[in-house]
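Spelled out, the chains give:
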Amino acid sequence: MYDKSLTRPVLLLLGIQLTALWPTAAVEIYTSRVLEAVNGTDVRLKCTFSSFAPVGDTLTVTWNFRPQDGGSEQFVFYYHGEPFEPMSGRFKNRVAWDGNPERNDVSILLWKLQFDDNGTYTCQVKNPPDVDGVIGEIRLSVVQTVRFSEIYFLALAIGSACALMVIIVIAVVLFQHFRKKRWADRAHKVVEIKSKEEERLNQGKKEAEDFQEQES
């Protein structure tokens, strides 16, 4: 028979190993982190997540707002089976659900941006038993006009490259055209010179024949 004094430590060690192999129940949040939008327009605050547990009716989503100039955190939006819009406050009638939990999307729409909407928007998702995890953040900057982003610079670079290629092609075509024209001009001059030489030879030959006829 096995020694009972050894059985307990072995079972304890096995339990610790099984616990270590069990996946951690934590929700991963993904956001754009930084967003810029023009005053008076609408913006989509995108937030997606991944969870070890399947998405069900127990899923909850909480959006809050921290003003850039400080102050207490404010409620923006809540979802639990159905969307719950704020009944009062600065975001009343200015926020709408734009997510799809089946696709792990819990985004919202914010309408009619104002300059005092500058700040940090937090997206918290709980999908029991996955209730832990880092809260997603989006730092929104409301501006008068949108500055050029990397996409605009990339588009500008591609457009410039295309324009340069077109200019090069046109230059090559023109170069070949003028080159052919120059060769054609040279060939025409050579033909003219030969014609004049033949005309002179024929004229000299005729004069010689006339001279011989006169002598005879």
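Provided above is the structure to which this section pertains.
Quantities reported herein were computed from a predicted structural model and do not represent experimental measurements.

So, how was this worked out
Residue numbers here run from 1 along each chain, matching the order of that chain's written sequence. With the structure being a predicted model, the display of local features is reserved for residues of pLDDT at least 70 and the display and counting of side-chain atom pairs for 80 or more, all residues being used for whole-chain, interface and lining totals. The basis for the side-chain values is all heavy atoms of the structure; hydrogens and waters are excluded. Helix and strand definitions follow DSSP, with helices as H or I runs of at least four residues and strands as E runs of at least two, each counted in order from the N terminus. Think of a polar contact as two N or O atoms within 3.5 Å of one another; within protein, one of them needs to be a possible hydrogen donor and the other a possible acceptor, and neighboring residues in sequence only count if both atoms come from side chains. Here, two residues are considered to be in contact whenever any of their heavy atoms come within 4.5 Å of each other. Here, two cysteine sulfur atoms that lie within 2.5 Å of each other are counted as a disulfide. Working definition: with a 1.4 Å probe on protein chains only, accessible area under 20% of the residue-type maximum means buried, over 50% means exposed, and in between means partly exposed. DSSP calls a pair of strands paired once it identifies at least 2 bridges connecting them. Within 6.5 Å between ring centres, the rings of Phe, Tyr and Trp (the latter by its six-membered ring) count as paired, and their orientation is classed by plane angle as stacked under 30 degrees, edge-to-face over 60, tilted in between. Charge-over-ring contacts are defined here by two conditions on Lys NZ or Arg CZ: a distance within 6 Å of the ring centre and an angle within 35 degrees of the ring normal.

Trainee: Can you walk me through the side chain of Asp117 in this structure?
Mentor: As for its position among the elements, Asp117 is in the loop between β9 (108-110) and β10 (119-126). A polar contact is formed between the side chain of Asp117 and the side chain of Arg94, at a distance of 2.5 Å. For Asp117, the residues in contact, after removing those within four places along its chain, are Phe65, Arg90, Phe91, Arg94, Lys112, Leu140 and Val142.

Trainee: How do you make sense of the state of the cysteines when you look at a structure like this?
Mentor: Summed over the entire model, instances satisfying the criterion amount to one disulfide. Here Cys47 connects covalently by a disulfide to Cys123, the sulfurs 2.2 Å from one another. Judged by the sign of its S-S torsion, about -85°, the cystine formed by Cys47 and Cys123 is left-handed. A residue pair is termed long-range when its members are at least 10 positions apart, and Cys47 in strand β4 (residues 47-50) and Cys123 in strand β10 qualify at 76 residues. For Cys47, a relative accessible area of 0% corresponds to the buried category. For Cys123, a relative accessible area of 1% translates into the label buried.

Trainee: Honestly, the sheet that holds β10 in this entry has me stumped. Any pointers?
Mentor: Across a sheet, strands are paired by hydrogen bonds formed along the backbone, either parallel or antiparallel in direction. Spatially, six strands are ordered β2-β11-β10-β5-β6-β7 in an open sheet, and the strand pairing comes out mixed. Each having just a single partner strand, β2 (34-38) and β7 (83-84) make up the two edges of the open sheet. Of the pairings in the sheet, the one linking β2 to strand β11 (residues 136-143) comprises five bridges and is parallel in character. Bridged to Val34 within β11 is Arg139.

Trainee: Just checking my understanding: could you explain the packing of aromatic side chains for this structure?
Mentor: Each aromatic ring pair is characterised by the separation of its centres together with the angle its planes make. Applying the stated criterion across every chain, the model contains six aromatic pairs. Ring plane angle 5° and centroid distance 5.9 Å describe the contact between Phe77 and Trp97, whose orientation is recorded as stacked. Placement of Phe77 in strand β6 (residues 74-79) and of Trp97 in strand β8 (residues 95-97) is noted, with a sequence separation of 20 residues between them. Pair check on accessibility: Phe77 and Trp97 agree, each one buried. Relative to Phe84, the ring of Tyr78 has its centre 6.1 Å away and its plane inclined at 45°; by these criteria the two rings are tilted. Grouping aromatic residues by their ring pairs yields a cluster made of Phe65, Phe91 and Tyr121. In this structure, Arg186 is placed above the aromatic ring of Trp183, and the distance from its NZ or CZ to the ring centre is 5.3 Å.

Trainee: Could you clarify how one ought to interpret the pairing of strand β5 (residues 60-67) in this entry?
Mentor: The two faces of a sheet get side chains in turn, since along a regular strand they alternate between them. Counting buried positions along β5 gives seven out of eight residues, so the element sits mostly inside the fold. In the sheet, β5 pairs with β10 via eight bridges, with the strands oriented antiparallel. When the bridges of β10 are listed, Trp63 appears paired with Cys123.

Trainee: Where do I start with unusual backbone geometry in this structure?
Mentor: The phi torsion of most residues other than glycine is negative, and most of the peptide bonds are trans. Cis peptide bonds are those with omega within 30 degrees of zero, and the linkage from Pro128 to Pro129 qualifies with 10°. Summarising the element assignment, Pro129 is placed in the loop between β10 and β11. Residues other than glycine seldom take positive phi values, yet Arg33 does so here, at roughly 70°. Residue position: Arg33 is located in the loop between β1 (28-31) and β2.

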